[in-house]
Amino acid sequence: MTIHEFLQGDKFALLAGVELLETGNGYAKARMLIKPEHLNGGGVCQGGAIFTLADLAFAAATNSHARLTLSITSNINFFKAESKGYLYAEAKEAFSHKRLANCEVRITNEAEELIATFNGTGYRKDTELPFTPLV
């Protein structure tokens, strides 16, 4: 099993159309095509959809060490609205320890304009995941 296969278990992200593009040691990149079902009443991508994109990238980056890491806190800042095209989330661990991980995620559009930033802290459990840690 790979981390990509493991994260296929995130049914909510899959239903939202989030696709994992790249993974590495403490790193991940994901994307989501904005569809009509992602739009809010104002006609722009709903914040929860953007959060879901960022959260999957966070999950891939922090779980890349093959130890189950669950979010204990996260926040997002929105800077620019988007209503069409792809959004990308690039996650990089800022801190990685036996029990805690912190990850910064930049969400951009196809023109690489900053749409939002996400910051999450995860707690690492003793549960080993069924794939080889990424190095």
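Residues numbered from 1 in each chain as written. Predicted model: local features only at pLDDT ≥ 70, side-chain atom pairs only at ≥ 80, totals over all residues. Heavy atoms only, no water.

Novice: Looking at this structure, I do not really get the environment of Gly85. What am I missing?
Specialist: As for its position among the elements, Gly85 is in the loop between β3 (67–78) and β4 (86–96). The exposure class of Gly85 is buried, given its relative accessible area of 17%. Placed 24 residues apart in sequence, Gly85 and Asn109 show a C-alpha to C-alpha distance of 7.4 Å. Apart from the residues lying within four places of it in its own chain, the contact partners of Gly85 are Met32, Leu33, Ile34 and Glu110. (Helix = DSSP H or I, 4+ residues; strand = E, 2+ residues; numbered from the N terminus. Buried < 20%, exposed > 50% of the residue type's maximum accessible area, 1.4 Å probe, protein only. Contact = heavy atoms within 4.5 Å.)

Novice: Help me understand a nonpolar patch on the surface in this model?
Specialist: Residues Ile72, Phe95, Leu100 and Tyr123 make up a contiguous nonpolar surface patch of about 380 Å² in total accessible area. With respect to the helices and strands, Leu100 occurs in strand β5 (residues 100–109). (Patch = residues over 30% accessible without salt bridge, like charges linked within 9 Å, V, L, I, M, F, W, Y side chains within 5 Å. Areas by Shrake-Rupley, 256 points an atom, 1.4 Å probe, with all protein chains shown as cover. Salt bridge = Lys/Arg side-chain N within 4 Å of Asp/Glu carboxyl O.)

Novice: I keep staring at the packing of aromatic side chains and nothing clicks. Help me out?
Specialist: The relation between two aromatic rings is expressed through the spacing of the ring centres and the mutual angle of the planes. Within this structure, the stated rule accounts for four aromatic pairs. An angle of 50° between the planes, with centres 5.9 Å apart, marks the rings of Phe6 and Phe131 as tilted. With Phe6 in helix α1 (residues 3–6) and Phe131 in the segment after β6 (114–128), this pair connects stretches of sequence that are 125 residues apart. Here Phe58 and Phe118 contribute two aromatic rings whose centre-to-centre distance is 5.9 Å and whose plane-to-plane angle is 55°, an arrangement assigned as tilted. (Phe/Tyr/Trp six-rings, centres within 6.5 Å; stacked < 30°, edge-to-face > 60°.)

Novice: I'm lost on the sheet that holds β4 in this one. Help?
Specialist: Working definition: the strands of a sheet are paired by backbone hydrogen bonds and lie parallel or antiparallel to each other. The six strands lie next to each other as β1-β2-β4-β5-β6-β3, forming an open sheet whose pairing is antiparallel. A strand with exactly one partner marks an edge of an open sheet, and here the two such strands are β1 (18–24) and β3. Shown here is a sheet whose adjacent strand axes are inclined to one another by a mean of 20°, direction ignored. Each of β1, β2 (27–33), β3, β4, β5 and β6 touches helix α3 (residues 47–62); the most contacted strand, β4, lies at about 45° to it. (Pairing = 2+ DSSP bridges. Axes fitted to C-alpha atoms, helices over the stretch in contact; angles between N-to-C directions.)

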